[in-house]
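Fold and geometry: a report
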Amino acid sequence: MTLMIEYQDARTLVLSAAKALPAEPVPLAEALGRTLARNVRAREDIPPFTKATMDGYAVRAADTRRSGPEAVGEVELGVLEDLPAGRPSRRTVGPCQAIRIMTGAPLPDGADAVVMVEDTEAFGRSVRVRREVRPGDNIGLAGEDLRTNEVALERGTVIGPAETGVLAAAGMARVPVTRRPKLAVIATGDEIVEPGERKRRGQIRNSNGPALTAMAVEAGAAAAYLGIARDRKASLAGKLARGKGADILVLSGGVSVGDYDLVKDELQAAGVRPVFWQVRIKPGKPVFFGVRGRQLVFGLPGNPTSAMVAFLLFVRPAVETMLGRKVPGPAAGRAILAEDITLKPGRTQFLRGVLADSGPVLRVAAYGDQRSGVLRSMVRSRVLIVVPADVRHIEAGREVEIIFMDGR
Ligand code: AMP
Ligand code: MG
């Protein structure tokens, strides 16, 4: 086991241990938030035919050349038929002819433009055209969205509303997505009590169990919360056995150097091969990472903010890699620092940061209270400000790296 490694090295070790999971088909209506397991190609042109994008008259553009605002006379064309959306015409538009056409109807043979109905005047079986059109006006071309066989969506794409629309346009009733990683959460500690249970003096509420389970769901995992293991070998071993079928096992608490911090030893006794313990970061230093077969096992610190930050930095990218995301999160960016920061150097720090409400550039300030027990700081903060280990002071106005804590 590697002792006390740097953040980037720890992230690299986690990412290289995580493998993309296999594909499973889901109905399109259930694909939102899932990750595409394969490239999706258009099986035909989208749209499949050239069509009118306005209500009006399908014409040969050259026939309208004598009309226009300054034109003396209007052009008069013979109307062959009415064409609603939903079926092609069997007629061909010849010289000085037109077909009345509705938005979405296939452009008839012979026509190369549509004159908007607002620029016309119908009388009997003829129409007067008051404005010249050019070839291509008011029509949508076959394949202008996607060409046959063109990649519509790439493997690794998260399916949102727009992707859902593209999949539907491509005729996909079922979508190949990566299986969600099964992620089991175990809270540890003799002092923690579930919300809703009776709490005695010296006990505290279990916030990590619910918070980490929520983070797992938000990351795209199929999360199961396995309850609290007490700081005793038998209790831990029992929970670890229950977590055996999970792709990812996440424990909180018991990974420091205290007398009751049994997690590391018990994990190894349960067959987990340690990869690293302790990362030179703040908060989250005592984080443990190991593997058991294909299972990834994380021992996160018990402090609520440390546990959440460590989940974001290490567990979230593992989940996203298993989901087959190309660039596993959390999403990073840059912002302008709104207020000076002064720190004790030595570890890469992840300061909870508050984004300014508006403005042309992102501005961020460190949340006032960075103590790791203050969970409220996580509610107020949307980002983490990344401060390299050797930095003691950053002035307001400088650019800093940030990590977004919410979904992308
Ligand atoms: P530990 O890492 O087990 O030494 O815990 C560090 C601190 O986090 C202690 O103050 C614990 O009481 C607290 N803690 C541990 N687990 C939880 C939890 N599930 N929910 C809230 N606080 C916790
Ligand atoms: Mg503990």
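So, here is what we can say about the structure in this document. Values in this document were obtained by computation on a predicted structure and should not be read as measured data. (Residues numbered from 1 in each chain as written. Chains lettered and ligands numbered in written order. Predicted model: local features only at pLDDT ≥ 70, side-chain atom pairs only at ≥ 80, totals over all residues. Heavy atoms only, no water.)

1. Some words on the overall build of the chain
- A count of helical and extended segments in the chain gives seven helices and 29 strands.
- In summary, the chain has a C-alpha radius of gyration of 31 Å against a globular reference of 22 Å for 408 residues, an excess of more than 25%.
- By its C-alpha atoms, the chain is 95 × 50 × 40 Å across when sized along the principal axes.
- Contacts in the chain between residues at least 24 apart in sequence constitute 70% of all its contacts with a sequence separation of at least 6.
- As displayed, the chain has an accessible area near 20000 Å², and 50% of this comes from carbon and sulfur atoms.
- A gap of 9 Å separates the mean positions of the 58 positive and 46 negative side-chain charges of the chain. (Helix = DSSP H or I, 4+ residues; strand = E, 2+ residues; numbered from the N terminus. Rg over C-alpha atoms; globule rule 2.2 N^0.38 Å. Contact = heavy atoms within 4.5 Å. Areas by Shrake-Rupley, 256 points an atom, 1.4 Å probe, with all protein chains shown as cover. Lys, Arg positive; Asp, Glu negative; His and termini not counted. Charge placed at Lys NZ, Arg CZ, Asp CG, Glu CD.)

2. A look at the sheet that holds strand β7 (residues 97-101)
- Pairing within the open sheet is mixed, and its six strands lie in the order β8-β5-β7-β6-β10-β9. Each of the sheet's edge strands pairs with one partner strand only, and the pair in question is β8 (113-116) and β9 (120-123). Direction aside, the axes of adjacent strands within the sheet are offset by 35° on average.
- Taken together, the four bridges between strand β6 (residues 75-83) and strand β10 (residues 126-129) define a ladder with antiparallel strand orientation. Of the residues in β10, the one forming a bridge with G78 is S126. (Pairing = 2+ DSSP bridges. Axes fitted to C-alpha atoms, helices over the stretch in contact; angles between N-to-C directions.)

3. Concerning the pattern of salt bridges
- Using the criterion set out here, one finds 17 salt bridges in the structure.
- Across the pair R128 and E74 runs a salt bridge whose closest N-O atoms are separated by 4.0 Å. Residue R128 is located in strand β10, and its partner E74 is located in the loop between β5 (56-59) and β6; the two are separated by 54 residues in the primary sequence.
- Residue classification places R128 among the partly exposed residues on the basis of a relative accessible area of 28%.
- A relative accessible area of 38% means that E74 is categorised as partly exposed.
- The salt bridge involving E76 is made with R128; its shortest N-O contact spans 3.9 Å. With E76 in strand β6 and R128 in strand β10, the pair connects residues that are 52 residues apart, well separated along the chain.
- By relative accessible area, which is 43% here, E76 ends up partly exposed.
- When salt bridges with common partners are traced through the structure, they connect E74, E76, E121, R128 and R130 into a single cluster. (Salt bridge = Lys/Arg side-chain N within 4 Å of Asp/Glu carboxyl O. Buried < 20%, exposed > 50% of the residue type's maximum accessible area, 1.4 Å probe, protein only.)

4. Quick look at the environment of T64
- Locating T64 in the fold gives a position in the loop between β5 and β6.
- Sequence spacing of T64 and E74 is 10 residues, and the spatial spacing of their C-alpha atoms is 8.5 Å.
- Here the side chain of T64 touches V133 through a polar contact of 3.0 Å, landing on its backbone nitrogen. (Polar contact = N/O pair within 3.5 Å; in protein donor to acceptor, adjacent residues only side chain to side chain.)

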